[in-house]
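Structural characterization, general
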Amino acid sequence: MFKFLKHKRGDTWVDTAIITAIRFMIAGFTMILGYLLAFAATMGPPIAPHIWNGGLDKTIRISTIVIGFCLCAAVLVWFVWSLCRYVYRLVVRTK
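Chains are numbered independently. Their residues run from 1 in the order of the written sequence. Only residues with pLDDT of at least 70 are given local features in this predicted model, and only at 80 or more are side-chain atom pairs given and counted; all residues enter the totals for whole chains, interfaces and linings. In computing side-chain values, all of the structure's heavy atoms are included and hydrogens and water are not.

Within the fold, Thr16 resides in helix α1 (residues 13–40). As a C-alpha pair, Thr16 and Tyr86 span 70 residues in sequence and 8.2 Å in three-dimensional space. Any two residues whose heavy atoms approach within 4.5 Å at even a single point are treated as in contact. When neighbours within four sequence positions are excluded, Thr16 is seen to be in contact with Asp11 and Tyr86. Secondary structure elements are taken from DSSP: a helix is a run of H or I of four residues or more, a strand is a run of E of two residues or more, and numbering for both begins at the N terminus.

Following this line, the structure appears as structure tokens:
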């Protein structure tokens, strides 16, 4: 799907900079989405307080917080890993 984000042997530094900027934007938007999910879980009144005496509300809110924070952590790992690969390739290429 994102084949244009893959590194090719003939990429110049401009191509690498553009790909890094696109990855940075994807990571930023996904981090914002994860933060908004975690923040939205703490807003508003209880969800259906008459069902399970509020137990359903706690489950929904905690799962939304966990999904939001896991999304942020996964995107950070993905972005840092891709940057480390670019730096490694740069070091190997300049030897």
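After that view, the rundown keeps rolling.
What follows covers the state of the cysteines. Two cysteine sulfurs form what is called a disulfide whenever their separation falls within 2.5 Å. Taken as a whole, this structure holds zero disulfides when the rule is applied. Cys70 takes part in no disulfide bond, and the closest cysteine sulfur, belonging to Cys72, lies 9.3 Å away.

One fewer than the residue count of a helix, multiplied by 1.5 Å, yields its expected span. With 40 residues, helix α2 (residues 55–94) should cover 58 Å at 1.5 Å per step; its first-to-last C-alpha distance of 59 Å lies within 8% of that length. Each residue's exposure class comes from its accessible area (1.4 Å probe, protein chains only) as a fraction of the maximum for that residue type: buried when under 20%, exposed when over 50%, partly exposed otherwise. Residues of α2 that are buried include every one of Asp57, Arg61, Thr64, Gly68, Cys72, Val75, Phe79, Ser82 and Tyr86, and no others. Tucked into the core, α2 has its buried residues touching α1.

Here the focus is the packing of aromatic side chains. A pair of aromatic rings is counted whenever rings of Phe, Tyr or Trp (Trp by its six-membered ring) have centres within 6.5 Å, and the orientation is called stacked for planes under 30 degrees apart, edge-to-face for over 60 and tilted otherwise. The final tally for this structure, using the stated rule, is two aromatic pairs. Ring centres of Phe24 and Phe79 lie 5.7 Å apart, and the angle between their planes is 55°; this geometry places the pair in the tilted category. Highlighted residues: Phe24 in helix α1 and Phe79 in helix α2, separated in sequence by 55 residues. By relative accessible area, which is 54% here, Phe24 ends up exposed. Overall, Phe79 belongs to the buried group, its relative accessible area being 14%. Ring geometry for Tyr35 and Phe39: centres 6.0 Å apart, planes at 15°, overall stacked. Remark: Phe39 and Tyr35 occur in helix α1; sequence separation between them is four residues, near one turn of the helix. Given a relative accessible area of 40%, Phe39 falls into the partly exposed group.

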